[in-house]
Amino acid sequence: MTTAGPAPAPEQDKGGLRTALAGLTTRGRSFLAAGIAAAICAYVLGQSDLLRVGLLLAVLPLVCATVLYRTRYRVAGSRRLSPARVPAGSEARVHLRMDNVSRLPTGLLMLQDRVPYVLGPRPRFVLDRVEAGGRREVSYRVRSDLRGRYPLGPLQLRLTDPFGMCELTRSFSTYDTLTVVPRVEPLPPVRLTGEAKGYGDGRQRSLALAGEDDVIPRGYRHGDDLRRVHWRSTARYGELMVRREEQPQRSRCTVLLDTRAESYLGAGPDSAFEWAVSGAASMLVHMLERGFSVRLLTDTGSSVPGEGADGFAGASQESADAAGLMMDTLSVIDHSDGTSLSPAYDVLRGGNEGLLVAFLGDLDEEQATVIGKMRQRSGGAVAFLLDSEIWTREPGDVAGPGAESAAEETLRLLHEAGWTALLVPRGASLTDLWRQADRQRTGVVTGGGMGGRS
């Protein structure tokens, strides 16, 4: 929740009478013009009664503007988002509360909140007279099909006089941010296990090993439990030694997201790039829920800062915060200007990365070779390939010459490198593809005919 302080007192506003006159409504300007015209006619015709009418018409809007300008309304506003982080295509509700903190009741108030056009029309509310110390609460809904971070605010109050001659707008200075994250598709648990050490059933191994004593002791530190004193080593080294606990072995997963602008065509919520971002978000959340140490990596070699070299740890108290930080990163991720996946490969060259899940755009032969090398740095590798020709093709159109063969050739190269690779049709479900990846690998292991390798 963001709380805005009281609206500034009228005497703190700058501009004086000019500010008040600028707030005259069409009615107020009409009265003023009619009054001036009547006064001129009265002077020319020598009609004193008409002069009095003209003065009344001209003075009325000026008096209303002056009184409204000097009104000592002290109003505090607050805004609360529910929720502050929402998936694309879902609605969030914004709650506004106005408190009259002055000793005088307010007149008619018109409340307006500024929102970006992608979230919907600008909300406006009319608040009746608010008694001294009173409160009014209103709410509105916002929705966006496009992920991103959208500012809400600042709040604006429009004050009017009883005759509708003048309107003055006063703004608060604070605003909130609504984060629209990618859609997350729940994924079923599959048995993509049996590859190199470091993922798969590692969570069970880590739970089994947690708490076992390491055979190598270390020196005693202030605060160590005396029950862990290793007396044999203490006698040997002549100083107090304690047993170390072995660090649990945790499964690892790296999610690679190809963001190169040249590898995707089209834009909008139904584009291939948005599908890839949503797929990466779904995979990150799924792996965190399964207890993996997860890292998000892009083609530029950048990753979300984690708790360590292995990335964020799942199945911990911080896993929800880790998922939130990754979702915040994916909510604003955009195309990169890079042309190569080599920076990401350089990051993976450090050693066994556990499970590697990649969401890739168009690949030429050179980039397919780079992706193939990444398989050597992982315990298992699954790739989802989004071909631009397929995603930009209208329903019923016939594929261009060589379009299917180019995508199939890329799949063949990835299969030969040891990847479990799948071509993503337009609008496909990641849940079905995830199961298909499992069946593809199982078919290879059992001698089936799915035609993929892992």
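From a predicted model like this one, the values you see are computed outputs, not experimental measurements.

## Quick notes on the side chain of arginine 260
Argument step 1. Checked against the element boundaries, arginine 260 lands in the loop between strand E14 (252–257) and helix H6 (272–289).
Argument step 2. A distance of 2.9 Å separates a polar atom in the side chain of arginine 260 from a polar atom in the side chain of aspartate 258.
Argument step 3. Residues in contact with arginine 260, not counting those within four places in the same chain, are Asp299, His335, Ser336, Gly338, Thr339, Ser340, Leu341, Asp362, Leu363 and Gln367.

## With respect to the sheet that holds strand E8 (residues 148–152)
Argument step 1. Here three strands make up an open sheet; going across it, the order is E3-E11-E8 and the pairing mixed. Looking at which strands have only one partner, the edges of the open sheet turn out to be strand E3 (85–87) and E8. Sheet twist, expressed as the mean angle between neighbouring strand axes with direction ignored, is 25°.
Argument step 2. Bridge count between E3 and strand E11 (residues 176–181): three bridges; the pairing is parallel.

## Comments concerning the environment of arginine 114
Argument step 1. Among the structural elements, arginine 114 can be located in the loop between strand E5 (109–113) and strand E6 (124–127).
Argument step 2. A relative accessible area of 37% places arginine 114 in the partly exposed class.
Argument step 3. If we skip the residues at most four places from it in the chain, arginine 114 touches Arg122, Pro151, Leu152, Gly153, Pro154 and Gln156.

## Here's the deal with the UniProt feature "transmembrane region" (unreviewed entry) in the chain
Argument step 1. Look at the UniProt record and you will see "transmembrane region" (unreviewed entry) annotated at residues 28–45 and 51–69.
Argument step 2. Segment residues 28–45 splits into 100% helix and 0% strand. End C-alpha atoms: 25 Å apart.
Argument step 3. The span residues 51–69 is 100% helix and 0% strand, and its two end C-alpha atoms sit 27 Å from each other.

## As for the packing of aromatic side chains
Argument step 1. Inspection of every chain in the model, using the stated rule, returns five aromatic pairs.
Argument step 2. Centroid distance tyrosine 264 to phenylalanine 273: 5.3 Å. Interplanar angle 70°. Geometry classified as edge-to-face.
Argument step 3. Geometrically, the ring pair formed by tryptophan 275 and phenylalanine 359 is tilted, given 6.3 Å between the ring centres and 55° between the ring planes. Note that tryptophan 275 is positioned in helix H6 and phenylalanine 359 in strand E17 (residues 355–360), a separation of 84 residues in sequence.
Argument step 4. On the accessibility criterion, phenylalanine 359 (0% relative accessible area) is buried.
Argument step 5. Taken together, the ring pairs connect Trp275, Phe359, Phe384 and Trp391 into an aromatic cluster.

## Regarding a nonpolar patch on the surface
Argument step 1. The grouping of Ile36, Ile40, Tyr43, Val44, Leu45, Leu50 and Val53 at the surface amounts to a nonpolar patch, some 740 Å² of accessible area in total.
Argument step 2. Put simply, the parts of the chain that give the nonpolar patch at least two residues each are helix H2 (26–45) and helix H3 (48–69).
Argument step 3. Counting residues per element, the nonpolar patch draws most heavily on H2, at five residues.
Argument step 4. Mapped onto the secondary structure, valine 44 falls in helix H2.

## Observations concerning the side chain of aspartate 387
Argument step 1. Take aspartate 387: it is sitting in the loop between strand E18 (380–385) and helix H10 (388–392).
Argument step 2. Residue contacts for aspartate 387: discarding those within four places in its chain leaves Asp362, Ala407 and Leu423.

## What to know about the pattern of salt bridges
Argument step 1. Under the defined criterion, the tally for this structure stands at 16 salt bridges.
Argument step 2. For the salt bridge of aspartate 113 with arginine 79, the shortest nitrogen-to-oxygen distance reads 3.1 Å. Of the two residues, aspartate 113 sits in strand E5 while arginine 79 sits in strand E2 (residues 75–82), which places them 34 residues apart along the sequence. Each member of the pair aspartate 113 and arginine 79 is classed as buried.
Argument step 3. Between aspartate 99 and arginine 135 there is a salt bridge whose closest N-O contact spans 3.1 Å. With aspartate 99 in strand E4 (residues 91–100) and arginine 135 in strand E7 (residues 135–143), this residue pair connects regions lying 36 residues apart in the sequence.
Argument step 4. Among the residues examined, aspartate 99 registers a relative accessible area of 16% and is labelled buried.
Argument step 5. One network of salt bridges, in which partners are shared, links Arg79, Asp113 and Asp176.

## A look at the nonpolar core
Argument step 1. By size, the foremost hydrophobic cluster in this structure holds 43 residues, and its most contacted members are Met283, Leu330, Phe359 and Phe384.
Argument step 2. At the level of secondary structure, the elements contributing two or more residues to this core comprise E14, H6, strand E15 (293–298), helix H7 (319–332), E17, E18 and helix H12 (430–445).
Argument step 3. Element by element, the count of residues in this core is highest for H6, at 12 residues.
Argument step 4. For phenylalanine 359, the contacting residues outside a window of four places in its chain are Val255, Leu256, Leu257, Asp258, Tyr264, Trp275, Ala276, Gly279, Ala280, Met283, Phe384 and Leu430.
Argument step 5. The next biggest cluster of nonpolar side chains, apart from the first, holds 33 residues, and it includes Leu68, Leu127, Val142 and Leu152.

## A word on the sheet that holds strand E9 (residues 155–160)
One key point about sheets: their strands pair by backbone hydrogen bonds, in either a parallel or an antiparallel sense.
Argument step 1. Taken together, the four strands give an open sheet; going across it, the order is E6-E5-E9-E10, and neighbouring strands pair in antiparallel fashion. Every interior strand has two partners, whereas the edge strands, E6 and strand E10 (167–171), have only one. Sheet twist, expressed as the mean angle between neighbouring strand axes with direction ignored, is 25°.
Argument step 2. Sheet topology note: the E5/E9 ladder contains five bridges and is antiparallel.

## Some remarks on the confidence of the model for the chain
Argument step 1. Here the chain shows a mean pLDDT of 81. Residues at 70 or above account for 79%.
Argument step 2. Below pLDDT 50 for its whole length, residues 8–14 participates in 15 contacts with residues either more than four positions away or in separate chains.
Argument step 3. Taken as a whole, residues 444–454 scores under 50 in pLDDT and shows 23 contacts with residues more than four places along the chain or in a different chain.

## A closer look at H6
One full turn of an α-helix is made of 3.6 residues, so residues set three or four places apart face in the same direction.
Argument step 1. Helix length check: H6 (18 residues) gives 26 Å between terminal C-alpha atoms against 26 Å at 1.5 Å per residue, within 8%.
Argument step 2. Downstream of H6 by a residue or two, glycine 291 has a phi angle that is positive, lying close to 95°.

Parameters and conventions
- Residues numbered from 1 in each chain as written.
- Predicted model: local features only at pLDDT ≥ 70, side-chain atom pairs only at ≥ 80, totals over all residues.
- Heavy atoms only, no water.
- Helix = DSSP H or I, 4+ residues; strand = E, 2+ residues; numbered from the N terminus.
- Polar contact = N/O pair within 3.5 Å; in protein donor to acceptor, adjacent residues only side chain to side chain.
- Contact = heavy atoms within 4.5 Å.
- Pairing = 2+ DSSP bridges.
- Axes fitted to C-alpha atoms, helices over the stretch in contact; angles between N-to-C directions.
- Buried < 20%, exposed > 50% of the residue type's maximum accessible area, 1.4 Å probe, protein only.
- UniProt positions renumbered as here; feature names shortened; annotations may be inferred.
- Phe/Tyr/Trp six-rings, centres within 6.5 Å; stacked < 30°, edge-to-face > 60°.
- Patch = residues over 30% accessible without salt bridge, like charges linked within 9 Å, V, L, I, M, F, W, Y side chains within 5 Å.
- Areas by Shrake-Rupley, 256 points an atom, 1.4 Å probe, with all protein chains shown as cover.
- Salt bridge = Lys/Arg side-chain N within 4 Å of Asp/Glu carboxyl O.
- Core = buried A, V, L, I, M, F, W, Y, C linked by side-chain atoms within 4.5 Å.
- pLDDT = per-residue confidence, 0-100.
- Expected span 1.5 Å × (residues − 1).

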